[in-house]
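The lines below spell out each chain.
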Amino acid sequence: MSDTRKSWSLHLAVVALLLALNFVLPEYHHGNLARVMVLACYAMGYNMLFGYTGLLSLGHALFFASGMYGMSLTVQHLGWSAGPAMLVGLAGGLAMSLAVGLLSLRTAGVAFMIVTLMFAQAGYLAVLYFGEYTRGDEGFVIQKASRQIMGIDLSDPMNRYLAALILFAACMLITLRVVQTGFGRVLVAIRENEERTRMLGYDVHRHKLLAILLSGTMSAAAGAGYGLLFGYAGATFASVQYSIFPLLWVLLGGAGTVLGPFIGTLFMFYLIDLSSDISTAYMLIAGVTLVLLTLFAPQGLVGELRRRAVRWLP
Amino acid sequence: MTLLSTRGLSRQFGGLKAVENVDFDLPEGQVRALIGPNGAGKTTYVGMLSGRIPASAGTVTFRGQDVTNMPAHQRIRAGMAYTFQITSIYGRLPVHENVALALRWRTEGDEKETAKRVADALERVGIADRAEQLAGDLSYGHQRLLEIAMGISQQPRLLILDEPTQGLADSEIEDFIKLIRGLAGEMTILLIEHNIHVVMQTADAITVLNGGQILAEGTPKEIHENAAVQAAYLGTG
């Protein structure tokens, strides 16, 4: 079997497994997994830019929040239904990533990190400033009645899980497809050696910009999906914390792997969940585990797996 | 027919005139060596040819088109291939993917054709048996060959080699000379080279840069006998 076929089989099997889990998981874990899948979409969006293109952004909360507020504000204040509102969220993420991309790509390295961080902080402050509409830190609940697409009630746990799975599968298979194309390979080439890539005849700037658009829009899809499925939008999701999370998830799971972001998100979610059962100092336990992982699996869980055993993992 | 020419090409870094007013013509099909002492402006000059360094003044014409303001990646696509002075490959990617990246825009997503051309290019430089290795695991000499394979796989009109034999062992240099001679009929080659032996063995013509200006130009024999060149570069004797 060719590597491409193996990759598709593996990733489709993961989707099938997650679908099967829908019917067997206990209620608590069922809800968690739905949440993890949506957050993993955010991590996958982040991974497209960081893991594959090698651009470290500290401002992805801006894109996540663009999706979330693009969707929720149109539902809340314009009374749009959930489907079109999702599209507004996506469009918001696309527009925002275009603006941020055009400006921030004039910089590189540390300056790029700072510029993206600043844009995201501006976004966070804007959410607070327009508190009249966004209700700032306190946020607002999206009413159950609004959380429907084609008559399907997304607040119902079963529907919510399946909707999360559809979003997750879409993001994962898009990522898988992109990294197999010539475009995706050029992104990796840029990550590995930007100057060489330019001198092989590739428009590096254009590729980076497209990577930001894809990354930002996928992050926005996650933000919009999260708001819709869990019925809440608040300023926390635009804060710097939410810019750091996807970086951590991706690093843990394996930057530049298709499955890594999901594994990383899942791992971190349950690490905090389980350690908070043991002690109130759960962040300490989580922190030590993260340090150990960074020491012994610096390429992340899936990254290590690829390095040691499964070389064909995309 | 002239493939590449420059008129009044200059570059200043602050007060330093690295390259000054260079008029240069490279006929199609020639192997031209560009030599000169350290700091003569060779790398800066070639940087302006390939688009890595913007020119302060003057023009670059390639295949009859003014490319002075054309970005580097477009010049590559117009038919220039460039190898770096300091080996620049994708160390963490397999050898075959290094070459595939060099030519995928030519084959337009036809992976079969890509694989065939990759194999040809690696065969050509003699490292076909190492296609599956990570490029970073190759010996230094093989990395240099890989870089040349990346260049020739693009089937360029002009191949620019910036100090390709730097750091190679003597036996590797002899193989390199053979390789260049083999390529000579197929593409125009601009060779920036320190090793006079290599230059004398491969070049049809030589241009000598000194202090950012052209000091002399001619056949290897003429350059060898030129008193000014000897004084500036070759040493007397």
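Throughout what follows, the structure given in this document is the object of discussion. This one's a predicted model, so the numbers in the text were calculated from it and none came from an experiment.

**Considering the overall build of chain B**
Stage number 1. From N to C terminus, chain B includes nine helices and ten strands.
Stage number 2. Its C-alpha radius of gyration of 18 Å places chain B within 12% of the 18 Å reference for a compact globule of 237 residues.
Stage number 3. Per-residue burial for chain B yields a buried fraction of 44% across its 237 residues.
Stage number 4. Considering only residue pairs separated by 6 or more positions, chain B has 64% of its internal contacts joining residues 24 or more positions apart.

**Things to note about the overall build of chain A**
Stage number 1. Looking only at helices and strands, chain A features 14 helices and four strands.
Stage number 2. Taken along the three principal axes of its C-alpha coordinates, chain A extends 55 × 45 × 40 Å.
Stage number 3. In chain A, buried positions account for 47% of the 314 residues.
Stage number 4. Across chain A, every contact between residues at least 6 apart in sequence was considered, and the portion connecting residues at least 24 apart equals 76%.

**Focus on the environment of arginine 160 of chain A**
Residue and element names in this part refer to chain A.
Stage number 1. Within the fold, arginine 160 resides in helix H7 (residues 157-180).
Stage number 2. On the neighbour-count criterion, arginine 160 (23 C-beta atoms within 10 Å) is buried.
Stage number 3. For the pair arginine 160 and alanine 34, spaced 126 residues apart in the sequence, the C-alpha separation amounts to 7.1 Å.
Stage number 4. Arginine 160 has contacts with Ala34, Leu154, Ser155 and Leu229, leaving out every residue within four places of it along the chain.

**Some details on the sheet that holds strand E6 (residues 80-83) of chain B**
Residues and elements named next belong to chain B.
Stage number 1. What the six strands build is an open sheet, ordered E6-E7-E8-E3-E9-E10; its pairing is mixed. What marks the edges here is a single partner per strand, and that holds for E6 and strand E10 (213-218). The sheet shows a mean angle of 15° between the axes of neighbouring strands, taken without regard to direction.
Stage number 2. Of the pairings in the sheet, the one linking strand E3 (residues 31-35) to strand E9 (residues 205-210) comprises four bridges and is parallel in character.

**Quick look at the interface of chain B and chain A**
The figure often quoted for interface size is the accessible area lost as the parts come together.
Stage number 1. Listed as interface residues are 17 residues of chain B and, on the opposing side, 13 residues of chain A.
Stage number 2. Looking at the side of chain B that touches chain A residue by residue, the classes come out as ten nonpolar, four polar and three charged.

**Some remarks on H7 of chain A**
Residues and elements named next belong to chain A.
Stage number 1. A rise of 1.5 Å per residue sets the reference length of H7, with its 24 residues, at 34 Å; its end C-alpha atoms lie 34 Å apart and thus fit the reference within 8%.
Stage number 2. Taken residue by residue, H7 has Arg160, Tyr161, Ala163, Ala164, Leu167, Phe168, Cys171, Met172, Thr175, Leu176 and Val179 as its buried positions.
Stage number 3. Contacts from the buried residues of H7 go to helix H1 (3-24), helix H2 (27-52), helix H8 (182-192) and helix H10 (204-230).

**Side note on the environment of isoleucine 53 of chain B**
Residues and elements named next belong to chain B.
Stage number 1. Relative to the helices and strands, isoleucine 53 resides in the loop between helix H1 (42-50) and strand E4 (57-62).
Stage number 2. On the basis of neighbour count, isoleucine 53 is assigned to the partly exposed category, with 18 C-beta atoms found within 10 Å.
Stage number 3. The spacing of isoleucine 53 and proline 71 is 18 residues in sequence and 9.8 Å in space, taken between C-alpha atoms.
Stage number 4. Discounting residues that sit within four places of it in the chain, isoleucine 53 has contacts with Arg11, Thr44, Gly47 and Met48.

**Structural notes on the nonpolar core**
Stage number 1. Counting 159 residues, the largest nonpolar core has Val38, Cys41 and Phe64 of chain A together with Ala149 and Ile160 of chain B as the members making the most contacts within it.
Stage number 2. The leading source of residues in this core is H2 of chain A, at 16 residues.
Stage number 3. Sequence-distant contacts of valine 38 of chain A, that is, excluding residues within four places in its chain, are made with Ala164, Leu167, Ala222, Gly225, Tyr226 and Leu229 of chain A.

**Section: the sheet that holds strand E2 (residues 16-27) of chain B**
Residues and elements named next belong to chain B.
Stage number 1. Overall, antiparallel pairing links the four strands, which are arranged E2-E1-E4-E5 in an open sheet. Whereas interior strands pair on both sides, the edge strands pair on one side only; in this sheet they are E2 and strand E5 (65-66).
Stage number 2. Both strand E1 (residues 2-13) and E4 contribute to a ladder of five bridges, which runs antiparallel. Paired with threonine 6 across the bridge in E4 is valine 60.
Stage number 3. Contacts from H1 reach E1, E2 and E4, with the element oriented near 60° to E2.

**Some points on the pairing of E6 of chain B**
Residues and elements named next belong to chain B.
Stage number 1. A two-sided burial pattern is seen for E6, the buried positions comprising Met80 and Tyr82 on one face and Ala81 and Thr83 on the other.
Stage number 2. Both E6 and strand E7 (residues 158-162) contribute to a ladder of four bridges, which runs parallel. If you follow threonine 83 over to E7, its bridge partner there is leucine 161.

**Here's the deal with the packing of helix H3 (residues 61-78) of chain A against H10 of chain A**
Residue and element names in this part refer to chain A.
Stage number 1. Two numbers describe how H3 lies on H10: the axes approach to 6 Å, and their chain directions differ by 45°. Relative to H10, the element H3 lies oblique. Both H3 and H10 take part in a crossing whose hand is right-handed. Residues Phe63, Phe64, Ala65, Ser66, Gly67, Met68, Gly70, Met71 and Ser72 of H3 touch H10, and the partners they reach there are Gly216, Ser219, Ala220, Ala221, Ala222, Gly223, Ala224, Tyr226, Gly227 and Leu228.
Stage number 2. Classifying every residue of the contact of H3 with H10 by side-chain character gives eleven nonpolar, eight polar and no charged.

**Some thoughts on the environment of valine 291 of chain A**
Stage number 1. Positionally, valine 291 of chain A belongs in helix H13 (residues 282-296).
Stage number 2. With 262 residues separating them along the chain, valine 291 of chain A and histidine 29 of chain A place their C-alpha atoms 26 Å apart.

**Considering unusual backbone geometry**
Residue and element names in this part refer to chain B.
Stage number 1. Positive phi is not limited to glycine here, since arginine 63 has a value of about 55°.
Stage number 2. Tracing the chain through its elements places arginine 63 in the loop between E4 and E5.
Stage number 3. Unusually for a residue other than glycine, glutamate 163 sits at a positive phi of about 50°.
Stage number 4. With respect to the secondary-structure elements, glutamate 163 resides in the loop between E7 and helix H6 (170-183).
Stage number 5. Classification of glutamate 163 as partly exposed rests on a count of 19 C-beta atoms within 10 Å.

**Remarks on the pairing of strand E8 (residues 188-192) of chain B**
All names here are of chain B.
Stage number 1. Counted residue by residue, E8 has five buried out of five residues, so it is predominantly covered.
Stage number 2. Side chains of E8 alternate between two faces, with Thr188, Leu190 and Ile192 and Ile189 and Leu191 buried alike.
Stage number 3. Note that E3 and E8 share four bridges and pair parallel. Its bridge partner lying in E8, alanine 33 is registered against leucine 191.

**A closer look at H1 of chain B**
Residues and elements named next belong to chain B.
Stage number 1. In terms of burial, H1 is a largely internal element, eight of the nine residues being buried.
Stage number 2. Listed as buried for H1 are Lys42, Thr44, Tyr45, Val46, Gly47, Met48, Leu49 and Ser50.
Stage number 3. Trailing H1 by a residue or two, glycine 51 shows a phi angle of about 95°, which is positive.

Rules used in this analysis
- Within any chain, residue numbers begin from 1 and follow the written order of that chain's sequence.
- Following the order in which they are written, the chains are lettered starting with A and the ligands numbered starting with 1.
- In keeping with the model being predicted, local features are shown solely for residues with a pLDDT of at least 70 and side-chain atom pairs are shown and tallied solely at 80 or more, while totals for entire chains, interfaces and linings include all residues.
- The helix and strand labels rest on DSSP assignments: H or I over at least four residues marks a helix, E over at least two residues marks a strand, and numbering proceeds from the N terminus.
- Between the two quantities, the radius of gyration covers C-alpha atoms and the globule rule is 2.2 Å times the number of residues to the power 0.38.
- Buried residues are those with 20 or more other C-beta atoms within 10 Å of their own C-beta, exposed residues have 12 or fewer, and partly exposed residues lie in between; C-beta atoms are placed from the backbone.
- By the criterion used throughout, residues are in contact when their C-beta atoms, derived from the backbone, lie within 7 Å.
- In this analysis, strands are considered paired if DSSP registers two or more bridges between them.
- Interaxial angles span 0 to 180 degrees and are taken between N-to-C directions of axes, which are lines fitted to C-alpha atoms, for helices over the stretch in contact.
- Only Asp, Glu, Lys and Arg are considered charged in this grouping, and only Ala, Val, Leu, Ile, Met, Phe, Trp, Tyr, Cys and Pro are considered nonpolar; every other residue, Gly among them, is considered polar.
- Helices are assigned an expected span. That span is 1.5 Å times one less than the residue count.
- For this entry, the nonpolar core is defined as buried Ala, Val, Leu, Ile, Met, Phe, Trp, Tyr and Cys residues connected by C-beta atoms within 7 Å.
- Should an angle fall under 35 degrees it is taken as roughly parallel, and over 145 as roughly antiparallel, whereas 65 to 115 is taken as roughly perpendicular and any remaining angle as oblique.
- In a left-handed crossing the near helix is turned counterclockwise from the far helix by less than a right angle, and in a right-handed crossing that turn is clockwise.

These figures come from the coordinates and say nothing about function on their own.
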